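# Summary of structural features
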Amino acid sequence: MIEIHDLHKAYDLPGGEVAEVLRGIDLVVPDRCITAVVGPSGSGKTTLSRCISLLDQPTAGSILVNGTDLSHLTGEALRRQRRAIGTIFQSSALLRRKTAAENVALPLRYLGVTEAGIRQRVEELLDSVGLPDKAHHYPGQLSGGQRQRIGIARALALGPQVLLSDEATSGLDPQATESILALLRQLKDQFSLSVILITHEMDVVRGTADQVAVLRQGRIVERGSVGELVADPASVTGGQLLPVAAPLSDDPELLQLEVRYAAGRPVPADWISRLCEALPVRV
Ligand code: ADP
Ligand code: MG
């Protein structure tokens, strides 16, 4: 479980000004839960991701993984605790001159695991991501989706409790995206992970996230399950999450009423009756 409390991040700008990028983020992601963090460009998603993956130190606030505060560690303690958080980046993050197996082995090698230990662990990890036969392939010989699976295997190498994905599916085609998301759903149960999925794509959120947090100008302005947001007529994000259904009728007047209805705007009381006559269906 990861708990983020009142997290602030400010950057000093030249000229003595301060850019307040994160302004008090509270977020709790239990084990086996996928929380999506969505928000427009510039809202602070990458800054939040860099704080969670301990690449950047927050200005204030705390980040607890299974009760241990990681936010203000340095040196050896920071290196040790960083293992608790596995990060998946956009698909280009593999080393091109190393095979899939060597890429997955990197974190284990830094840790000084024995050759035999590495071989066995890499085999398990490639199995977990469904690519046991690609160990000796180079990144250039893999599809975008396969490269991302290797990135996930590497993120899991040190047995993290938290898996953080910053736009990991951007740039993948819809099928590859869907298969990566299905893999994340499987892995979070298999390894009891808290998954934080940072994305600007609503399609990614809709079928995957247990919880959604909407970031705007460094604050979380909406949160809830996908169902709760969609059911809330006041939720802007809920409106964006509504799947665009195929229109029921191709009659322009009825179509216009459908669009009004889907947008939560008033429609005439006899709309459903008129739709039934036109289709024709019984209700
Ligand atoms: P997102 O990933 O949601 O697009 P970012 O976290 O990258 O947003 O950026 C949020 C805001 O923080 C932007 O206005 C950006 O200019 C600012 N910012 C990010 N990094 C720095 C930095 N190192 N110094 C100053 N401002 C920064
Ligand atoms: Mg970003």
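I will try to describe carefully the structure that is included in this document. (Residues numbered from 1 in each chain as written. Chains lettered and ligands numbered in written order. Predicted model: local features only at pLDDT ≥ 70, side-chain atom pairs only at ≥ 80, totals over all residues. Heavy atoms only, no water.)

Turning to the sheet that holds strand S2 (residues 18–29), a few remarks are in order. Within a sheet, each strand pairs with its neighbour through backbone hydrogen bonds, oriented either parallel or antiparallel. The strand order across the open sheet formed by four strands is S2-S1-S4-S5, and the pairing between neighbours is antiparallel. In this open sheet, the two edge strands, each paired with only one partner strand, are S2 and strand S5 (68–69). Relative to strand S4 (residues 60–65), strand S1 (residues 2–12) runs antiparallel, the two sharing five bridges. Among the inter-strand pairings, His5 is bridged to a residue of S4, identified as Ser62. Running over the sheet, helix H1 (residues 45–52) touches S1, S2 and S4 and is turned about 115° from S1. (Pairing = 2+ DSSP bridges. Helix = DSSP H or I, 4+ residues; strand = E, 2+ residues; numbered from the N terminus. Contact = heavy atoms within 4.5 Å. Axes fitted to C-alpha atoms, helices over the stretch in contact; angles between N-to-C directions.)

Ranked by size, the top nonpolar core spans 45 residues in total, and within it Val122, Ile150, Ile152, Leu163, Val205 and Val212 carry the most contacts. With six residues, the single largest contributor to this core is helix H6 (residues 174–190). Those residues in contact with Val122 that sit more than four places away from it in its chain are Ala101, Val104, Ala105 and Leu108. Of all hydrophobic cores here, the second largest spans 26 residues; its members include Cys33, Leu70, Ile196 and Ile198. (Core = buried A, V, L, I, M, F, W, Y, C linked by side-chain atoms within 4.5 Å. Buried < 20%, exposed > 50% of the residue type's maximum accessible area, 1.4 Å probe, protein only.)

With that out of the way, let us pick up unusual backbone geometry. Note on backbone geometry: most residues besides glycine have negative phi, and most peptide bonds are trans. Although it is not a glycine, Arg32 adopts a positive phi angle of roughly 60°. Within the element layout of this structure, Arg32 appears in the loop between S2 and strand S3 (33–38). For Gln217, which is not a glycine, the phi torsion comes out positive at approximately 45°. One can find Gln217 in the loop between strand S9 (211–216) and strand S10 (219–224). The class for Gln217 is exposed, based on a relative accessible area of 63%.

A few words on the side chain of Thr208. Checked against the element boundaries, Thr208 lands in helix H7 (residues 202–208). Among the residues examined, Thr208 registers a relative accessible area of 5% and is labelled buried. Here Val204 takes part through its backbone oxygen, which lies 2.9 Å from a polar atom of the side chain of Thr208. Setting aside chain neighbours within four positions, we find Thr208 in contact with Ile34, Leu181, Arg185 and Leu197. (Polar contact = N/O pair within 3.5 Å; in protein donor to acceptor, adjacent residues only side chain to side chain.)

Around ligand 1, the neighbouring residues are Tyr11, Leu13, Val21, Pro40, Ser41, Gly42, Ser43, Gly44, Lys45, Thr46 and Thr47. Thr46 places a side-chain nitrogen or oxygen 2.9 Å from an oxygen atom of ligand 1. Coverage of ligand 1 by the protein chains reaches 58% of its 560 Å² of free accessible surface. Sort the elements by how many residues they give to the shell around ligand 1 and H1 lands first, with three residues. (Near = heavy atom within 4 Å. Areas by Shrake-Rupley, 256 points an atom, 1.4 Å probe, with all protein chains shown as cover.)

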